[in-house]
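# Overview (structure and organization)
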Amino acid sequence: MNQNVNIIYFSPTGNTKKIVQSIATGISDRVRTYDLTSPQSRLELEVTQFGREEIVIVGVPVYGGRMPSIVNESLEKFRGDKTLLIPVVTYGNRAYEDALLELSHLMGKNGFISIAAGAFLGEHSYTSKVATDRPNKEDLDIAVQYGQRVAKKILELDPLKIVSIEIPGQVPYKANMVMPVFVPLTSDACTACGVCAKVCPSGAINRVNFTEIDSEKCIRCTACTRICPEDAKFFKHESYDFIVKRLVDHFSEIQKEAEWFI
Ligand SMILES: Cc1cc2nc3c(=O)[nH]c(=O)nc-3n(C[C@H](O)[C@H](O)[C@H](O)COP(=O)(O)O)c2cc1C
């Protein structure tokens, strides 16, 4: 298609970004990006209006079966006018529960109509033993093909009969996860390069003293522990170990596949 596709995503460890970009590639080569991962990008985001003919793909990771609440306020700044929406989530092989439906509802309130939706696998932020290396090349190829199917659907749409598709999930949504309070620790290997603070999506890492973490701001997304070139940032807490053990015990053997609704 020679129509613009707008992609909006929040993606602390990069899985959601890859999937959303691949779907967009299947639709058009004219892509406009709204990356809401950094606190600065969300702070600077202005109210953005999309027209009727526009296509928007929005992607977030699943946190506790819900969408990450940190991004809700920013997503509310996007306004549609019966704008075509493709909501997408990535999740770490446990379950996506109500996250996809919640994302579709949140955007739907502001004038977007979900004409397709997808739930994709992404290596679990907490352990590389669950959904290892997902999304892999095959996942990304599939995402491109899903994008091509959306493009076909759009060309065939009767503008007077555009309705939202059915998306799995329940209302009321699952209760928000109550996360035990643990924050990343820093070992002596830290060279104070500051890359952790740069990628922190919640601004929780002190910009001068990188070992100081604001436990109220930290969303435990693992962006910092994954990016540290010295492996100096790490989680060590009995609750964290318990979560990882549970994930590995129950979700490491059988890997799920992407689900696509159209
Ligand atoms: C705080 C937190 C909660 C998570 N909750 C879930 C969950 O409920 N179900 C699941 O399958 N994966 C869960 N995950 C894994 C992420 O959804 C998955 O790794 C996702 O692909 C990360 O996306 P990103 O790379 O775009 O940040 C969770 C990860 C974090 C950090």
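Residues numbered from 1 in each chain as written. Predicted model: local features only at pLDDT ≥ 70, side-chain atom pairs only at ≥ 80, totals over all residues. Heavy atoms only, no water.

### With respect to the pairing of strand E1 (residues 5-9)
The buried fraction of E1 is high, at five of five residues. Going residue by residue along E1, you find Val 5, Ile 7 and Tyr 9 tucked away on one face and Asn 6 and Ile 8 tucked away on the opposite face as well. Between E1 and its parallel partner strand E2 (residues 31-35), the chain crosses via helix H1 (residues 15-27), and the hand of that crossover is right-handed. Bridging between E1 and strand E4 (residues 55-61) involves five bridges; their strand directions are parallel. Within E4, the position partnered with Asn 6 by the bridge is Val 56. (Buried < 20%, exposed > 50% of the residue type's maximum accessible area, 1.4 Å probe, protein only. Helix = DSSP H or I, 4+ residues; strand = E, 2+ residues; numbered from the N terminus. Right-handed = clockwise from strand over helix to strand, strands pointing away. Pairing = 2+ DSSP bridges.)

### A closer look at the packing of H1 against helix H5 (residues 137-156)
Packing of H1 against H5 brings their axes to within 6 Å, and their N-to-C directions diverge by 45 degrees. Regarding the angle of H1 to H5, the classification is oblique. Along this stretch, H1 crosses H5, giving a crossing that reads as right-handed. Judged by residue contacts, Lys 18, Ile 19, Ser 22, Ile 23, Gly 26 and Ile 27 of H1 engage Asp 139, Leu 140, Ala 143, Val 144, Gly 147, Gln 148, Val 150 and Ala 151 from H5. (Axes fitted to C-alpha atoms, helices over the stretch in contact; angles between N-to-C directions. Parallel < 35°, antiparallel > 145°, perpendicular 65-115°, else oblique. Left-handed = near helix turned anticlockwise from the far one by under 90°. Contact = heavy atoms within 4.5 Å.)

### What about the environment of Trp 260?
As for its position among the elements, Trp 260 is in strand E11 (residues 259-261). For Trp 260, a relative accessible area of 12% corresponds to the buried category. Among residues more than four places away in sequence, those in contact with Trp 260 are Ile 23, Ile 86, Ala 116, Ala 117, Gly 118, Phe 120, Tyr 146, Arg 149 and Val 150.

### Some remarks on the environment of Val 56
Relative to the helices and strands, Val 56 resides in strand E4. With a relative accessible area of 0%, Val 56 lands in the buried category. Once the C-alpha coordinates of Val 56 and Val 199 are considered, the two residues, 143 residues apart in sequence, prove to be 25 Å apart. Not counting residues up to four positions away in its chain, the partners in contact with Val 56 are Asn 6, Ile 8, Phe 50, Thr 83, Leu 84, Leu 85, Ile 86 and Phe 112.

### Details of H1
Across its 13 residues, H1 extends 19 Å between first and last C-alpha, which sits within 8% of the 18 Å expected from 1.5 Å per residue. Every buried residue belonging to H1 is among Asn 15, Thr 16, Ile 19, Val 20, Ser 22, Ile 23, Ala 24, Gly 26 and Ile 27, and all of these are buried. (Expected span 1.5 Å × (residues − 1).)

### Here's the deal with the UniProt feature "domain: Flavodoxin-like" (unreviewed entry) in the chain
Mapped onto the present numbering, the UniProt feature "domain: Flavodoxin-like" (unreviewed entry) falls on residues 5-151. The span residues 5-151 is 33% helical and 26% strand by assignment, and the distance between its end C-alpha atoms comes to 10 Å. (UniProt positions renumbered as here; feature names shortened; annotations may be inferred.)

### Digging into the nonpolar core
In this structure, Ile 8, Val 60, Leu 75, Phe 78, Val 89, Tyr 96 and Met 107 are the most contacted members of the largest nonpolar core, which totals 35 residues. Counting residues per element, this core draws most heavily on helix H4 (residues 99-108), at six residues. Among all residues touching Leu 75, those that are not within four sequence positions of it are Ile 8, Leu 36, Val 58, Val 60, Met 67, Leu 103, Leu 106 and Met 107. Core analysis: the second largest hydrophobic core is formed by 24 residues, Ile 7, Ala 24, Ile 115 and Ile 154 among them. (Core = buried A, V, L, I, M, F, W, Y, C linked by side-chain atoms within 4.5 Å.)

### Some remarks on H4
For H4, the buried fraction is high: eight of the 10 residues fall into the buried class. Buried within H4 are the following residues: Ala 99, Leu 100, Leu 101, Glu 102, Leu 103, Ser 104, Leu 106 and Met 107.

### Focus: the site of the ligand
Ser 11, Thr 13, Asn 15, Thr 16 and Val 62 are the nearest of the 25 residues found near the ligand. Contact between the ligand and Gly 65: an oxygen atom at 2.9 Å from a main-chain N or O atom of the residue. For the ligand, whose unbound accessible area comes to 640 Å², protein coverage reaches 98%. Among the elements of the structure, H1 and strand E6 (83-91) are those that each provide at least two residues to the shell around the ligand. (Near = heavy atom within 4 Å. Polar contact = N/O pair within 3.5 Å; in protein donor to acceptor, adjacent residues only side chain to side chain. Areas by Shrake-Rupley, 256 points an atom, 1.4 Å probe, with all protein chains shown as cover.)

### Points about the pattern of salt bridges
By the definition in use, this model includes 12 salt bridges. One salt bridge in this structure joins Glu 123 and Arg 226, with 3.3 Å as the shortest N-O distance. With Glu 123 in the loop between strand E8 (117-121) and H5 and Arg 226 in helix H7 (residues 223-227), the pair connects residues that are 103 residues apart, well separated along the chain. Exposure remark for Glu 123: the relative accessible area of 12% places this residue in the buried category. Here the salt bridges do not stand alone but share partners, grouping Arg 94, Glu 97 and Lys 174 into one network. (Salt bridge = Lys/Arg side-chain N within 4 Å of Asp/Glu carboxyl O.)

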